[in-house]
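So you can see what is in the structure, the chains are spelled out below.
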Amino acid sequence: MEGIFDVSWVPDLLRSEEERLLAETVRRFAIERLLPNYLRWRIERFPRSELEELAALGVLGLAVPEEYGGVSATRRALGVVAEEIGRGDLNVTYFLQLGAIAAGLIGASGDDGLKQYWLPRVATGEAIVAFALTEPGVGSDAAQLSTKAVRDGSDWLITGEKASITCAGQADACVVFARSGGDGPTGISMFLVPLDDPKVERVVYDSAGAKLSERGSLHFDAVRVPADHQLGEQGQGFVSAMQAFDFNRAVIALACIGAAQQSLDETMEHVKNREAFGKPLARHEGVAFEIAEHLSLIHAARLVAYQTLDLADAGLGHTTEAAMCKWLGPKQSTEAIRACIVLHGWAGWGNDLPLSQRMNDVVGLEIGDGTPHIMKAVVAREAMGRAYAAYR
Ligand SMILES: Cc1cc2nc3c(=O)[nH]c(=O)nc-3n(C[C@H](O)[C@H](O)[C@H](O)COP(=O)(O)OP(=O)(O)OC[C@H]3O[C@@H](n4cnc5c(N)ncnc54)[C@H](O)[C@@H]3O)c2cc1C
């Protein structure tokens, strides 16, 4: 069992000693605390108290500045943590992602009062701040959203429906994108909306995976928001959202890669121990080579993800790399986990093992935060120029 905590077998990631230690600590937590409960949260509601342990590890406040009770960690550290948590329960990384996105958006665009109120609460897990861009009628083409923000004295009134929102069921506030001006992306502004208002209605979906994240809809019926809850300049909402997404695409890729790597590690143990046709499965070349191929492809995706985060840490553009790893990481992870299911035989497809659930959860992340088609359109646009873009 000790071997599972050894993070050094993975081809060298040129990690600093500090990152190696971080990876080891989080892996221990993921394997000892998260993995045994992974399948439990398909049936039971994820208790809010579980967030306290994540907060104590520093996971929720990684991107929150130290002055607001966070860790001010690098983006790369965020990736290390997402990958290791992904081994235990990749769905738990939704809290890490939302914490980092909230820290980025409120930290960069919120006024002092909002920062002082919300950021320490995000870091301790006392507050979950969701992110609401998608609507029933628009997802990939989110710039056409129709939720409205209308000025009423010094306040804003928000009306509309947001769909497929992670943590809709349990969030305390939400960054809402609403049309406050004209058509298209420049008519969209961003608002921090507390969700304890009776004019907010929540519906939690019955999803195929990630039940603990209580994905669902938020309906806003003329919800009153004070002017100081607007984040950033009028008409800057969409641009901020797109920038906020970039680093998170690498975090998502690494969460999926962690789940796939864990599945491959479990499968390697299985094929070393189970025999067929007179020898361990691992000694059948068809089995060994399939595992080797997935290890290689997963590692290639991992490297693009860490490079994306390194670019982000260096303050350099990383839109192309983020889009590359967002389609590549979840896709290779889905394929690796599917292979692991088959290599376990009938048992792999059962719900006593975590493999099938992991595959469902990873497929959700193939869609969430930008589908493979849209990611490839971004890569092609950046490579060939906007004149040839499938969308601007
Ligand atoms: C697990 C999960 C979590 C999510 N969390 C959030 C959240 O917290 N907040 C939030 O705002 N949203 C969230 N979403 C929504 C997510 O961002 C959208 O589902 C995604 O952007 C795609 O939009 P759509 O589902 O409406 O699909 P559509 O836009 O309707 O697309 C349907 C299909 O058509 C393809 N397609 C669309 N346009 C093109 C094109 N130009 N070229 C080629 N193919 C195209 C897409 O790739 C897709 O396969 C989440 C979704 C999931 C699954």
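Keep in mind that this is a model prediction, so the values were computed, not measured.

(A) Quick look at the nonpolar core. Formed by 115 residues in total, the largest nonpolar core has its most connected members in F131, F177, L192 and F220. Looking at this core, the element that brings in the most residues is helix 6 (residues 237-273), giving 16 residues. Dropping the residues within four chain positions of it, F131 is found in contact with L98, I101, L105, I165, C174, V175, F177, A241 and F245. Counting residues in each nonpolar core, the second largest holds five residues, with A323, M375, V378 and V379 among its members.

(B) Spotlight on the pairing of strand 7 (residues 216-226). With eight bridges joining them, strand 3 (residues 155-165) and strand 7 adopt antiparallel strand pairing. Each residue of the ladder has a partner; that of D155, found in strand 7, is P226. Of the pairings in the sheet, the one linking strand 6 (residues 200-204) to strand 7 comprises five bridges and is antiparallel in character. Each bridged residue has a counterpart across the sheet, and for V200 the counterpart in strand 7 is F220.

(C) Region of interest: the site of the ligand. The immediate surroundings of the ligand are formed by 18 residues, with F131, T134, S140, T371 and H373 found nearest. S140 places a side-chain nitrogen or oxygen 2.7 Å from an oxygen atom of the ligand. Within the residue set of the shell around the ligand, elements represented by two or more residues are strand 1 (129-132), strand 3, helix 9 (355-367) and helix 10 (372-384). Looking at side-chain class alone, the shell around the ligand contains seven nonpolar, nine polar and two charged residues.

(D) Region of interest: the packing of aromatic side chains. Applying the stated criterion across every chain, the model contains five aromatic pairs. Summarising the aromatic geometry, the rings of F46 and F95 are spaced 5.3 Å apart at their centres and angled 20° between planes, so their arrangement reads as stacked. A residue pair is termed long-range when its members are at least 10 positions apart, and F46 in the loop between helix 1 (17-34) and helix 2 (50-56) and F95 in helix 4 (residues 93-109) qualify at 49 residues. Each of the two residues, F46 as well as F95, counts as buried. Members of the aromatic cluster, connected to one another through ring pairs, are W41, F46 and F95. Note that R121 overlies the ring of Y117, its terminal NZ or CZ placed 3.8 Å from the centroid. Cation over ring: K376 sits above W327, and NZ or CZ is 4.5 Å from the ring centre.

Parameters and conventions
- Residues numbered from 1 in each chain as written.
- Predicted model: local features only at pLDDT ≥ 70, side-chain atom pairs only at ≥ 80, totals over all residues.
- Heavy atoms only, no water.
- Core = buried A, V, L, I, M, F, W, Y, C linked by side-chain atoms within 4.5 Å.
- Buried < 20%, exposed > 50% of the residue type's maximum accessible area, 1.4 Å probe, protein only.
- Helix = DSSP H or I, 4+ residues; strand = E, 2+ residues; numbered from the N terminus.
- Contact = heavy atoms within 4.5 Å.
- Pairing = 2+ DSSP bridges.
- Near = heavy atom within 4 Å.
- Polar contact = N/O pair within 3.5 Å; in protein donor to acceptor, adjacent residues only side chain to side chain.
- Nonpolar A, V, L, I, M, F, W, Y, C, P; charged D, E, K, R; others polar.
- Phe/Tyr/Trp six-rings, centres within 6.5 Å; stacked < 30°, edge-to-face > 60°.
- Lys NZ or Arg CZ within 6 Å of the ring centre and 35° of its normal.

All we've got here are geometric facts, nothing functional implied.
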